[in-house]
Amino acid sequence: EILYLGYHDQLTGLYNRHYFETIINGEMDRADRYKEPLSMLLLDLDHFKAVNDTWGHLVGDDLLKTMSAAIQKEIRSTDTLVRYGGEELIILMPHTTKAGALLVADKIQAAIKINPHHTAGIQTVSIGVAQRMQSESFRHLYLRLDHALYQAKENGRDCVVASDERIQIPSDQMRIEWRSVWESGNTIIDTQHKELLQIANNLLDLTSSAYICQDEEEKIDLLLKHIEKHFEAEEKILERIGFPNYENHVAVHQSLLLRVSGLNRNCGN
């Protein structure tokens, strides 16, 4: 009973945000490991504040329960419907492409309309749709979803919008998050990889700020020194264990070093 209360929203009975946060990394790791598609829907009940203001919060609460039940009927048992916050719902859809997610979004939209609430009447939803890109962090995926949902509302609500994978998320909102699927099993290599991610994230933070280029150059120089140190350590380990295609791996390292070295030269541009 304690576990149920910890993982479920008391009002709707749906999974809550805490439960979602305990499973999302595992689902993303699985999708990366097996090269499987993973899509998500972000839903928002249109004009929900007006419902609360007109009929009161008890009617608003009942509307949320009714709409949640209607949506649950339109998804698979393998999908996860979550009350992420307020009237905002997330649907996690493993083994699903963006095209498949769009079909489900259309079904949900229709189901909401044909199930009018006994007091608030016919309701509509706005939905953002996105298929996760390979190794994409949840934070970045959510920002794309949120942008798609915003576009749906801007288009007049009662609308489904799919995220464009080419969308440019502001750099101050981008982070490179460590994923368990990247773990090599070697403590030295994994620790150094995590250090490199931290330095890279610090550099991303700088790109959206008013810092002068000299600060960026210092961060790039620090990143380059750590990369060189890491490549040297990794190559020794790989040579010692007889890593397959060791020479090719070293060649990739050298190519990456040349690319990183070019960052400082391009900073002023």
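Quick caveat, the model's predicted, so the values are computed rather than measured. The written sequence of each chain sets the order in which its residues are numbered from 1. A pLDDT threshold of at least 70 governs which residues receive local features in this predicted model, and a stricter bar of 80 or more applies before side-chain atom pairs are shown or counted, although totals over entire chains, interfaces and linings include all residues. Side-chain figures throughout are based on the complete set of non-hydrogen atoms in the structure, without hydrogens or water.

Looking at the pairing of strand S3 (residues 80–85)
Reasoning step 1: Burial runs high along S3: five of the six residues are buried.
Reasoning step 2: By the bridge criterion, five bridges tie S3 to strand S4 (residues 88–94) in an arrangement that is antiparallel. In the strand pairing of S4, glycine 85 is matched with glutamate 88.
Reasoning step 3: If you look at the hairpin formed by S3 and S4, you'll find two residues sitting between the two strands, and glycine 86 has a positive phi there, around 60°. A 1.4 Å probe rolled over the protein chains alone gives each residue an accessible area, and that area as a share of the maximum for its type sets the label: buried under 20%, exposed over 50%, partly exposed in between. A helix here means a DSSP run of H or I that spans at least four residues, while a strand means a run of E at least two residues long, and both kinds are numbered starting from the N terminus. One requirement defines pairing of two strands: DSSP has to find at least two bridges between them.

What about the pattern of salt bridges?
Reasoning step 1: Every case where a carboxyl oxygen of Asp or Glu lies within 4 Å of a side-chain nitrogen of Lys or Arg is listed as a salt bridge. Applying the stated criterion to the full structure yields eleven salt bridges.
Reasoning step 2: When the shortest N-O distance is used, the salt bridge between aspartate 79 and arginine 76 registers 2.6 Å.
Reasoning step 3: Judged by its relative accessible area of 6%, aspartate 79 is buried.
Reasoning step 4: Looking at arginine 76, the relative accessible area reads 36%, which means it is partly exposed.
Reasoning step 5: Close ionic contact of glutamate 136 with arginine 144 constitutes a salt bridge, the shortest N to O distance being 2.8 Å. Arginine 144 shares its class with glutamate 136; the two are buried.

A few points about the packing of helix H3 (residues 48–55) against helix H4 (residues 57–72)
Reasoning step 1: Simply put, an axis is a line fit to the C-alpha atoms, just over the touching stretch for a helix, and the angle between two N-to-C directions goes from 0 to 180 degrees. Where H3 meets H4, the closest approach of the two axes is 7 Å, and the angle between their N-to-C directions is 140°. As far as their axial angle goes, H4 and H3 are oblique. Two secondary-structure elements touch here, H3 through Phe48, Val51, Asn52 and Trp55 and H4 through His57, Val59, Gly60, Leu63 and Leu64.
Reasoning step 2: Grouping the amino acids of the contact of H3 with H4 by side-chain chemistry returns six nonpolar, three polar and no charged. By definition in this entry, angles of less than 35 degrees are roughly parallel, angles greater than 145 are roughly antiparallel, angles of 65 to 115 are roughly perpendicular, and the rest are oblique. Between two residues, a contact is recorded if the distance between any of their heavy atoms is within 4.5 Å. Any residue outside Ala, Val, Leu, Ile, Met, Phe, Trp, Tyr, Cys, Pro, Asp, Glu, Lys and Arg is labelled polar, Gly included; the first ten of those are nonpolar and the last four are charged.

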